[in-house]
Amino acid sequence: MISPLASRLWLASELAELVKRSGCTAGELARKAGVDPRKISYLLKAERKSSVQDISKILDALDVAPQDQKELLYAAAEAERSGWWDRFSIEMGSRQATYADLEVGAAICEFSQTLFPGLLQTEEYATGRAEADRTYHSKRFLVERAVEARSLRQKVLSGLTARGYEVILDEAVLRRAVAAAPVIRDQINHIVGMAVQNSKVSVRLLRLGVPLPSEAIPATSFSIYHYRELQGLEVVAVETDDSDLFITDPSKTAAYRHRFGLLRSAALSPAETLEFLVAEAESLSQSARRSA
């Protein structure tokens, strides 16, 4: 399975280009294809799912050769699918549901500036974050469901379909006291275990004070999702307090890819990172023993 949302975004971009080349207006295309004009509008904006049947009609109306329809119809089929997150997106939080969607079938690169990333969170840490974020959600939001969803999302890191996950942690994530010291210690140990046991997971630490080129300094955390089945489509997710920005323009996603490369070069190597994290966890354990 490939992210239905990513498939929808790629399909919208490809169809928009085909429509532009054809010279048809959306209304003309709707009449020619025998498809509701509203569906054409929704499709070109990637706002809703569309059936493979409708996509096939549109491609025929655009005179796309059968051999050139294969990838587009594949994306249409993927875009039409539903994932586990659709069943309780409100209870788990719509933002998290969107990320769960994007993570499916993607190779992921992530820079985390403020918090431990969701794909590596322990249950206790995730519970604390869900409780803290409760005010951003609807009344139907359930902390227990949000934590369960975190666990389900983490399954993309293992198994035959795992595509790889590379994360750069800002050292500030370790220093910011968003949870009790024992929770942070267990979280660090969990990340060490994931990086050691799972060859698909790579963790680097960006030390505070390390020199960075001016263009490498990020304003916020961001994630890059790469889909090889969608002609290498990349979607960049940029976090804000109560919503997220999703970028698909290749010129803009390339800038984030470049920035990630600069951050990677400035960060500790995976081996150095693990050594640092192990020492940090031990330091927290020693502080707890002294306080006992």
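Residues numbered from 1 in each chain as written. Predicted model: local features only at pLDDT ≥ 70, side-chain atom pairs only at ≥ 80, totals over all residues. Heavy atoms only, no water.

Chemist: Please give an account of the nonpolar core that cites residues and values.
Modeler: By size, the foremost hydrophobic cluster in this structure holds 56 residues, and its most contacted members are I58, F116, L120 and Y227. Considering each element in turn, this core owes the most residues, seven residues, to helix 11 (residues 181-197). Beyond its immediate stretch of four places on either side in the chain, L120 contacts Q154, L157, Y165, V167, Q187, H190, I191, M194, V201 and V203. Of all hydrophobic cores here, the second largest spans 13 residues; its members include F111, I224, V238 and L263. (Core = buried A, V, L, I, M, F, W, Y, C linked by side-chain atoms within 4.5 Å. Buried < 20%, exposed > 50% of the residue type's maximum accessible area, 1.4 Å probe, protein only. Helix = DSSP H or I, 4+ residues; strand = E, 2+ residues; numbered from the N terminus. Contact = heavy atoms within 4.5 Å.)

Chemist: Outline helix 8 (residues 123-132), listing residues and values.
Modeler: Restricting attention to buried positions, one finds in helix 8 the residues Y125, A126, R129 and A130. Summarising the axial view, the buried residues of helix 8 lie within an arc of 135°, below the 170-degree limit, and thus occupy one face. Along helix 8, the residues that are exposed and aim more than 90 degrees away from the buried face are E123 and E124. The secondary structure elements touched by the buried residues of helix 8 are helix 9 (143-153) and helix 11. (Arc of directions from axis to C-beta.)

Chemist: Now, about the pattern of salt bridges: what can you tell me, with residues and values included?
Modeler: In this structure the tally under the stated criterion is 20 salt bridges. Two residues, R163 and E229, come together in a salt bridge whose shortest N-O distance is 2.9 Å. Taken as a pair, R163 in the loop between helix 9 and strand 2 (165-170) and E229 in the loop between strand 4 (222-227) and strand 5 (233-239) lie far apart in primary sequence, 66 residues in all. For E229, a relative accessible area of 25% puts it in the partly exposed group. Across the pair E280 and R175 runs a salt bridge, and its minimum N-O distance is 2.5 Å. Highlighted residues: E280 in helix 13 (residues 270-291) and R175 in helix 10 (residues 172-175), separated in sequence by 105 residues. A relative accessible area of 40% means that R175 is categorised as partly exposed. Through salt bridges that share partners, E171, R175, R207 and E280 make up one connected network. (Salt bridge = Lys/Arg side-chain N within 4 Å of Asp/Glu carboxyl O.)

Chemist: Tell me about the pairing of strand 6 (residues 244-247), and please be specific about residues and values.
Modeler: In the sheet, strand 5 pairs with strand 6 via four bridges, with the strands oriented antiparallel. Within strand 6, the position partnered with V238 by the bridge is L245. Taking the residues between adjacent antiparallel strands as the criterion, strand 5 and strand 6 are bridged by four residues. (Pairing = 2+ DSSP bridges.)

Chemist: An account of the side chain of R8 is needed here, citing residue identities and associated values.
Modeler: Relative to the helices and strands, R8 resides in helix 1 (residues 4-22). Here A46 takes part through its backbone oxygen, which lies 3.2 Å from a polar atom of the side chain of R8. Sequence-distant contacts of R8, that is, excluding residues within four places in its chain, are made with A46, E47, R48, K49 and A79. (Polar contact = N/O pair within 3.5 Å; in protein donor to acceptor, adjacent residues only side chain to side chain.)

Chemist: Can you lay out the environment of A33 for me, pointing to particular residues and giving the numbers?
Modeler: As for its position among the elements, A33 is in helix 2 (residues 26-33). With near-sequence residues (within four places) excluded, A33 lies in contact with K57, I58 and A61.

Chemist: Which residues make up the sheet that holds strand 1 (residues 107-112), and what values go with them?
Modeler: Spatially, six strands are ordered 3-2-1-4-5-6 in an open sheet, and the strand pairing comes out mixed. Because the sheet does not close on itself, it has two edges, and the strands there are strand 3 (201-206) and strand 6. With strand direction ignored, the average angle separating the axes of adjacent strands in the sheet is 15°. Here strand 4 runs beside strand 5; their pairing, made up of six bridges, is antiparallel. The residue of strand 5 that forms the bridge with Y225 is V235. (Axes fitted to C-alpha atoms, helices over the stretch in contact; angles between N-to-C directions.)

Chemist: Can you tell me about unusual backbone geometry, naming the residues and giving the values?
Modeler: Positive phi outside glycine occurs at A46, with the angle close to 55°. Using a relative accessible area of 10% as the deciding quantity, one classes A46 as buried. Although it is not a glycine, Q231 sits at a positive phi angle of roughly 55°. Tracing the chain through its elements places Q231 in the loop between strand 4 and strand 5.

Keep in mind that these numbers describe shape and distance, not what the molecule does.
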